[in-house]
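Results of the structural survey
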Amino acid sequence: METIVIGHRNPDMDSVCSAVAYAALKERLGEIGVRPARAGALNERIAFVLQKFGVAQPEFLPDVTPRVRDAMIKDFVGIHPDQPIAEALGLMSAKRLRALPVVDENLRFHGTISASTLLGLVMPSRAAAQHAREVLASLANIAGTFEGRSLTGPLSSREETYALVVAAMDAESLASRLRHLEPARTVLFVGDRENVHRTALEGGVSALVVTGGAEVDPAFAAEAQAAGMAVLVSPWDTATSVIFARSAMIARHALEEVAEKFDGDAPLELARRSVALSNKFIFPVLDGESRLEGILSKSDFLKAPARQLILVDHNELSQAVPGADDLPVVEIIDHHRLGNRPTETPILFLNQPVGSTCTIVADLYRRHAIVPDRPVAGLLLAGIIADTLNGTSPTATETDRRFLAELGQIAGITAGDLAAEIFAVGSPLQTLSPDKVVEADAKHYEEKGLRFSVAQIEEVTFANFDAQREHLLAALRHRVGSEGLFFAALLVTEINEQNSYLLVEGNSDFLRTITYPEQSDHVWFLAGVVSRKKQLLPYLTECLARVR
């Protein structure tokens, strides 16, 4: 089982750093298969912190929807197109399978072969009784099915439609019967009846199979070889030998076409719907060059997902990575309001009113008496700095400030010095396009059936704000229209003076409920407001209540 520790869409410093640090804690605790990931692109400040502390960027997983490759059988059992169906039947019996993929030496997929089709070939119906004795095969493959030993040299590998005939009559009757057959395409099965052996030779049959392991006169074998008749010895009795010989046809002649072929990256749910009404047993998963990567059976769709999630810095599915609702969520570590879905089983849910998820993760290290490594301590420190504005935000608690000091000692840098380095890295208003600004740290919410988003960026000063104001509003308007939102908001926070500008586009009745001083159309000045979670969001939900 793989466990992914992942933050919300449009990741910020806290979500990325807490995911990496919590995955590291799990590893220190001896858990296997736990790894961090991110649901979106990293901004310059996050990239700077990761590089500063020598930590690799977590894997980018924009979608965790279960895929076909998550459920497919990679170690499949297959058969080559030129192998006799006897070998396919043996594999199916040994492995208790109802079908096999047919692949060549380069793993190129040719089709499937099913037990029901093979049964029809080796035991035809009464309607096909006139062809019951026929088999399209080579003498070499016919002999191989019953472990036959050739007394007359190498056997032909050329395929013919042979008639399998049992000599259950006397020699005279057999001679008469052979005149109504094509001797050159006849394989005659008989026990140790030397007179019948002679009749077969004189009648010009293609091959004589002496059953029951009976001895054959070497002189007769030499005579048969000179005449071009193959003489085979089967260790099995006549009836058994004929049954085996019926399965000498090679797999390529028994292929079944499969309409449902899948790419490994296809959503598993779409594949499930596609095969729901199919009468096939297995379905190929192919790469771009038609090579078989794995197979799916209908029972594979019933398997539990091989991946589970630990959500950090959020608990609402509207903010989670796409596909999160299709996977088990086994833990949530968060410091925001509750908006989580019901779970099928009890899970670990840590939600504390502190300023940063990294604070909760740092406290978990403490509870387990584990000192984080310097790089992990640096990430935890950066996450708390970013989410609490270095302990000055209204959301900051004494717990946050205590860990700012403790983690700084482990990381070898004070919180103040690291904060100065982080906030000196690229202004979002200068380094990002307006579209990217309004989605860089956007979080989606739903309140009484109304969907809205609130983004936030931090700037050292407002020097770049006026030049971008109209572009940002245009980007918000586009977001409202493209996503069908009731409104979209952006909080631009100045770190030094601890003030913000609020930009909002959306429902006009809602805009009229905003009571902060309006600086220009759809732009308000929020003195002393720096926290989206603790100051802005509660205010916006109050405004929504007044609209309703």
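Definitions and limits used
- Residue positions within a chain follow its written sequence, with the count starting from 1.
- Where totals are concerned, whole chains, interfaces and linings use all residues; where local detail is concerned, this predicted model gives features only for residues with pLDDT of at least 70, and gives and counts side-chain atom pairs only at 80 or more.
- Each side-chain value is derived from all of the structure's non-hydrogen atoms; neither hydrogens nor water enter the calculation.
- Note on ring pairs: Phe, Tyr and Trp rings are taken, using the six-membered ring of Trp, and paired if centres are within 6.5 Å. Classes follow the plane angle, with under 30 degrees stacked, over 60 edge-to-face and the rest tilted.
- Secondary structure elements follow DSSP: runs of H or I of four or more residues count as helices, runs of E of two or more count as strands, with numbering from the N terminus.
- The rule is simple: take the accessible area with a 1.4 Å probe, protein chains only, and divide by the maximum for that residue type; under 20% is buried, over 50% is exposed, in between is partly exposed.
- Two thresholds decide whether a charge sits over a ring: the Lys NZ or Arg CZ must be within 6 Å of the ring centre and within 35 degrees of the ring normal.
- Two strands pair under a simple rule: DSSP has to find at least two bridges between them.
- We call two residues in contact when some of their heavy atoms are within 4.5 Å.
- Every axis corresponds to a line fitted to the C-alpha atoms, with the helix fit spanning only the stretch in contact, and the corresponding angles, defined between N-to-C directions, vary from 0 to 180 degrees.
- Two N or O atoms form a polar contact when they lie within 3.5 Å of each other; inside protein one atom must be a possible hydrogen donor and the other a possible acceptor, and for residues adjacent in sequence the pair counts only when both atoms belong to side chains.
- How far a helix is expected to stretch is found by multiplying one less than its residue total by 1.5 Å.
- Buried and open spaces are told apart on a 1 Å grid over the protein atoms alone, a cavity being a set of points where a 1.4 Å probe fits but cannot get out and a pocket being an open set with protein on both sides within 12 Å along at least five of seven lines. Residues with an atom within 4 Å of a point are the lining residues.
- Grid points are joined across faces, edges and corners, and a volume is the space filled by probe spheres set on the points.
- Each residue is assigned to one class: nonpolar for Ala, Val, Leu, Ile, Met, Phe, Trp, Tyr, Cys and Pro, charged for Asp, Glu, Lys and Arg, and polar for all the others, Gly among them.
- Within this scheme, the nonpolar core is defined by two criteria: the residues are buried Ala, Val, Leu, Ile, Met, Phe, Trp, Tyr or Cys, and they are joined through side-chain atoms within 4.5 Å.
- Any carboxyl oxygen of Asp or Glu within 4 Å of a side-chain nitrogen of Lys or Arg constitutes a salt bridge here.

**Details of the packing of aromatic side chains**
The tally for this structure, following the rule as stated, stands at 11 aromatic pairs. With centroids separated by 4.5 Å and ring planes inclined at 5 degrees, the aromatic side chains of F465 and Y501 adopt a geometry described as stacked. Of this pair, F465 sits in helix α18 (residues 465–483) while Y501 sits in strand β21 (residues 499–506); the two residues are 36 residues apart in sequence, bridging distant segments of the chain. Judged by its relative accessible area of 1%, F465 is buried. With relative accessibility at 14%, the residue Y501 sits in the buried group. Note on Y501 and F525: the rings are 5.4 Å apart at their centroids and 65 degrees apart in plane angle, and the pair reads as edge-to-face. Remark: F525 occurs in strand β23 (residues 523–526) and Y501 occurs in strand β21; sequence separation between them is 24 residues. In textbook terms, an aromatic cluster arises when at least three aromatic residues are bridged by ring pairs, as seen for Y445, F452, F486, F487 and F510. One residue, R402, lies across the ring of F403, its end atom 5.2 Å from the ring centre.

**Brief notes about the sheet that holds strand β3 (residues 59–60)**
One open sheet accounts for six strands, arranged β3-β2-β1-β15-β16-β17; its pairing is parallel. Each edge of the open sheet is held by one strand with a lone partner, namely β3 and β17 (348–351). Where strand β1 (residues 2–6) meets strand β2 (residues 34–38), four bridges bridge the pair, whose relative direction is parallel. In the sheet register, T3 faces β2, and the bridge partner there is V34. Sheet contacts for helix α12 (residues 357–367): β15 (307–312), β16 (329–334) and β17; angle to β16, the most-contacted strand, approximately 110 degrees.

**Considering the side chain of E505**
Counting through the fold element by element, E505 comes out in strand β21. Only 3.0 Å separates the side chain of E505 from the side chain of R477, close enough to count as a polar contact. Polar side-chain contacts of E505 include one of 2.9 Å to the side chain of H522. Discounting chain neighbours no more than four positions away, the residues touching E505 are L473, L476, R477, V480, F487, A488 and H522.

**Notes on the environment of V547**
With respect to the element layout, V547 can be found in helix α20 (residues 532–547). V547 sits 88 residues away from E459 along the chain, and the two C-alpha atoms are 32 Å apart. In contact with V547, other than residues within four places in its own chain, are F486, D509, F510 and T513.

**Section: helix α13 (residues 374–388)**
In this model, α13 (15 residues) spans 21 Å end to end at C-alpha, consistent with the 21 Å of a helix rising 1.5 Å per residue. Within the span of α13, buried status applies to V376, A377, G378, L379, L380, L381, A382, G383, I384, I385, A386 and T388. Residues of α13 that are buried make contact with α1 (13–28), α2 (44–52), α12, α14 (398–411) and α15 (415–424). Looking one or two places after α13, you find L389, whose phi comes out positive at around 50 degrees.

**What about the layout of surface pockets?**
Looking at the largest pocket, its volume works out to about 530 Å³. Where the lining of the largest pocket is concerned, the elements lending two or more residues are α1, α2, α13, α15, α16 (428–431), β18 (443–447), β19 (450–459) and α20. Across the lining of the largest pocket, the residue classes break down as 14 nonpolar, 11 polar and 11 charged. In this structure, the second largest pocket spans a volume of roughly 440 Å³. What lines the second largest pocket is a set of 23 residues, among which R9, N10, G40, E439 and A440 lie closest to the centre. Elements that contribute at least two residues to the lining of the second largest pocket include exactly α17 (434–440) and β18. The dominant element in the lining of the second largest pocket, judged by the number of residues it contributes, is β18, at four residues. Its residues placed into classes, the lining of the second largest pocket shows 10 nonpolar, seven polar and six charged.

**Digging into the sheet that holds strand β12 (residues 262–263)**
Strand order in the open sheet formed by three strands is β12-β13-β14, and the pairing between neighbours is mixed. Whereas interior strands pair on both sides, the edge strands pair on one side only; in this sheet they are β12 and β14 (292–297). When strand β13 (residues 282–286) meets β14, the two strands line up antiparallel, connected through five bridges. Residue pairing in the sheet places I282 in a bridge with S297 of β14.

**Structural notes on the nonpolar core**
Formed by 52 residues in total, the largest nonpolar core has its most connected members in L380 and I385. Elements supplying a minimum of two residues to this core: α1, α2, β15, α12, α13, α14 and α15. Of all the elements, α1 adds the most residues to this core, at 10 residues. Setting aside chain neighbours within four positions, we find L380 in contact with A21, C358, V361, A362, Y365 and L407. In this structure, Y445, F452, F486 and V529 belong to the second largest nonpolar core, which totals 22 residues.

**Overview of the pattern of salt bridges**
Across all of its chains, the model carries 34 salt bridges by this definition. Two residues, R337 and E316, come together in a salt bridge whose shortest N-O distance is 3.1 Å. With R337 in the loop between β16 and β17 and E316 in the loop between β15 and β16, the pair connects residues that are 21 residues apart, well separated along the chain. Relative accessible area serves as the criterion here: at 28%, R337 is assigned to the partly exposed category. A salt bridge links D441 to R532; its shortest N-O distance comes to 2.8 Å.

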